[in-house]
Amino acid sequence: MPLAKEPQVSTVLSRQALVADLGRLVTPQQVLDDDENQRPFECDGLAVYKQMPWITVIPNTSEQVQDILAYCYKQRIPVVVRGAGTGLCAGATPHASGVLLVMTRFDQILSIDADLAQARVQPGVRNLALSQAAEPMGLYYAPDPSSQIACTIGGNVAENSGGVHCLKYGLTVNNLLAVTLVTMEGELVTFGGPGYETPGMDLVALMAGSEGLLGVIVEATVRLLPRAEKVQVLMAAFAAVTDAGDAVADLVGSGVIPAGLEMMDKLAIVAAEDFVKVGYPTDAEALLICELDGTEAEVAQQLEAVKTCFNHCGATSIRVAKDAQEAARLWLGRKSAFPAVGRISPDYYCMDGTIPRSQVGKVLTRIGELSTHYGLPVVNVFHAGDGNLHPLILFDDAKSGDLEKAEALGGDILTLCVDVGGTITGEHGVGLEKLSHMPYQFSDQELAQFRGIKLAFDSHELLNPGKAIPTLKYCQEYRSIQHD
């Protein structure tokens, strides 16, 4: 099946006329067209990609979203959806001649059903706020990205976000029951429902990771989990990253599935300890932080199995948290790793790729070699249990050529992930950042299928155009260069 034609987007209305029309659909106060008020929306968390919005609209209701999209569809105006802006793939970068739809006012938890263990929320609800609201009922929301204090459920669905607990409890897609969205034509539709199975195709799963290309989410129903009877956290230090990588593969291969299993290399350990001072051993080359949960008996049995595995793989020390407070401090260092690294470098580029667990040691060794080749330090912090890497490439954007070297190094890491049987993204998405790497992982036929799904929902490619799926022209040029 050939790739579909490239998107044909044309905006014939003047900016002034568009502002006036949108102001009648909502209120003039909800429409922004000046640089000062739109500046905060020029980029997401990947700030090297910037584009000043042409026009920004901040809707209050689903009906307003419907009216805006139906109008933009009729006028063939591109629309980009933005939530909290914590994304790291430039997926929310505004379109130069389109409308930026900011969904931050959709921030209500509509209901929490303790009996069914699920919640109905608007897309602007913060990830952490949902767990805090469910806590009095003994429940929590499992997917917990490092940015959970700020990131929103709508963005989590768009990127299929994971987090510390995704190893045992799954990514967003595994905890998503239903989504209500507005199509580009302005139609309000709901996929899924409160049950664990619904008739027909699983279109809920299709929405997870769709990166704003298929519709605008205005409501989601997610499953909640009961708090475990017992939670135990331990930390193991290793003298080599390869030993820690082997420990990850051996532990999961033995049948023990921790609630969370995270890895940090020496640079990350030192940066986090200097920042939050939680007692990390700064002489270690790698740390594994492991969380076990279940009944008292289950956790006791698993704890002994984990310690045996880690010792067998060469752990130089193992520290078991004495209580919940100490466990929280061990996790604090891992959760603070990104801001901690921000203190030691003018800039850093956060990558996102996934590899088989058996390849962790090999890949980290190769990343070290690439770091030396490019002359840029790399800090490794990642969800070790499911092989989701987050290498942080340190650079100084004020130095000529540094950003280009960081991007080249990041590209080599992504191709390395594919070469060992992994993928170019785990939870951050493709957006603009990884667009050029899509043909490396996917064939033209596979990309044609992606484009076909896009066209089924958005026939004129007006939603987030130019993101996630490369055009036919780019793929042809890419294949030609690779062939040469």
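Up top you'll find the structure we're talking about.
Below you will find a few notes about this structure.

Reading the values: the criteria
Residues numbered from 1 in each chain as written. Predicted model: local features only at pLDDT ≥ 70, side-chain atom pairs only at ≥ 80, totals over all residues. Heavy atoms only, no water. Phe/Tyr/Trp six-rings, centres within 6.5 Å; stacked < 30°, edge-to-face > 60°. Helix = DSSP H or I, 4+ residues; strand = E, 2+ residues; numbered from the N terminus. Buried < 20%, exposed > 50% of the residue type's maximum accessible area, 1.4 Å probe, protein only. Lys NZ or Arg CZ within 6 Å of the ring centre and 35° of its normal. Pairing = 2+ DSSP bridges. Contact = heavy atoms within 4.5 Å. Axes fitted to C-alpha atoms, helices over the stretch in contact; angles between N-to-C directions. Left-handed = near helix turned anticlockwise from the far one by under 90°. Nonpolar A, V, L, I, M, F, W, Y, C, P; charged D, E, K, R; others polar. Core = buried A, V, L, I, M, F, W, Y, C linked by side-chain atoms within 4.5 Å. Expected span 1.5 Å × (residues − 1).

### Here's the deal with the packing of aromatic side chains
- If you walk through the whole model with that rule in mind, you get 4 aromatic pairs.
- With a centroid separation of 6.0 Å and 75 degrees between ring planes, the pair formed by Phe 238 and Phe 310 is classed as edge-to-face. On the criterion of sequence distance, the pair formed by Phe 238 in strand β12 (residues 230–238) and Phe 310 in helix α10 (residues 296–312) is long-range, its members being 72 residues apart.
- Here Phe 238 falls in the buried class, since its relative accessible area comes to 0%.
- Under the relative-accessibility criterion, Phe 310 is labelled buried at 0%.
- Pairing Phe 338 with Tyr 348 gives two aromatic rings, centres 6.4 Å apart and planes at 65 degrees, and the pair type is edge-to-face. Taken together, the positions of Phe 338 in helix α12 (residues 337–342) and Tyr 348 in strand β16 (residues 347–350) put the pair 10 residues apart, joining distant regions of the chain.
- Exposure remark for Phe 338: the relative accessible area of 15% places this residue in the buried category.
- Against the face of Tyr 73 rests Arg 76, its NZ or CZ located 4.9 Å from the ring centre.

### Here's the deal with the sheet that holds strand β4 (residues 99–102)
- Strands sit in the order β1-β2-β4-β3 across an open sheet of 4 strands; the sheet is mixed. This sheet does not close on itself; its edge strands, each paired only once, are β1 (31–32) and β3 (79–82).
- Strands in contact with helix α1 (residues 15–25) are β1, β2 (55–57) and β4; relative to β2, the strand with the most contacts, it is inclined by about 5 degrees.
- Contacts between helix α3 (residues 62–75) and the sheet are confined to β2, β3 and β4, with β4 contributing the most and set at about 165 degrees to the helix.

### Some points on the packing of helix α8 (residues 241–253) against α10
- One can describe the packing of α8 onto α10 by two numbers: an axis separation of 9 Å at closest approach and a directional angle of 145 degrees. Here α8 runs over α10; the crossing is right-handed. Contact residues: α8 offers Ala 247, Asp 250 and Leu 251, while α10 offers Val 306, Cys 309 and Phe 310.
- Within the contact of α8 with α10, the residues separate by chemical class into 5 nonpolar, no polar and 1 charged.

### Notes on the environment of Leu 101
- The residue Leu 101 is located in strand β4 in this model.
- For the pair formed by Leu 101 and Gln 148, sequence separation is 47 residues and the distance between their alpha carbons is 22 Å.
- Non-local contacts of Leu 101, meaning those with residues more than four positions away in its chain, are made with Val 57, Pro 59, Val 65, Ile 68, Val 79, Val 80, Val 81, Arg 82 and Val 216.

### Digging into unusual backbone geometry
- Residue Arg 76 is not a glycine yet carries a positive backbone phi of 60 degrees.
- Within the secondary structure layout, Arg 76 lies in the loop between α3 and β3.
- The backbone of Ala 468 sits at a positive phi, close to 70 degrees, despite the residue not being glycine.
- Along the chain, the position of Ala 468 falls in the loop between α16 (444–457) and α17 (472–483).

### Thoughts on the sheet that holds strand β5 (residues 109–113)
- Taken in spatial order, the 5 strands of this open sheet run β5-β6-β10-β8-β9, and their pairing is antiparallel. Edge positions in the sheet fall to β5 and β9 (188–192), since each of these pairs with one other strand and no more. If you compare each strand with its neighbour and ignore which way they point, the axes differ by 10 degrees on average.
- Pairing of β5 with strand β6 (residues 118–121) involves 4 bridges; the strand directions are antiparallel. The residue of β6 that forms the bridge with Ile 109 is Val 121.
- Strands in contact with helix α4 (residues 127–134) are β5, β6 and β10 (216–223); relative to β5, the strand with the most contacts, it is inclined by about 45 degrees.

### Considerations on the nonpolar core
- Core analysis: the largest hydrophobic core is formed by 82 residues, its most contacted members being Leu 130, Ile 153, Phe 238, Met 263, Leu 288, Phe 310 and Ile 393.
- If one sorts the elements of this core by residue count, helix α14 (residues 402–419) sits on top with 8 residues.
- Apart from residues lying up to four places away in sequence, Leu 288 is in contact with Leu 234, Met 235, Ala 236, Phe 238, Ala 244, Ala 247, Val 248, Glu 262, Met 263, Phe 310 and Ala 384.
- Listed in part, the 28 residues of the second largest apolar core include Val 164, Leu 287, Ile 289 and Val 381.

### As for the environment of Ala 408
- With respect to the secondary-structure elements, Ala 408 resides in helix α14.
- Using a relative accessible area of 30% as the deciding quantity, one classes Ala 408 as partly exposed.

### Considering α16
- The end-to-end C-alpha distance of α16 is 20 Å, a good match for the 20 Å that 14 residues give at a rise of 1.5 Å each.
- If you check which residues of α16 are buried, you get Leu 447, Ala 448, Arg 451, Lys 454 and Phe 457.

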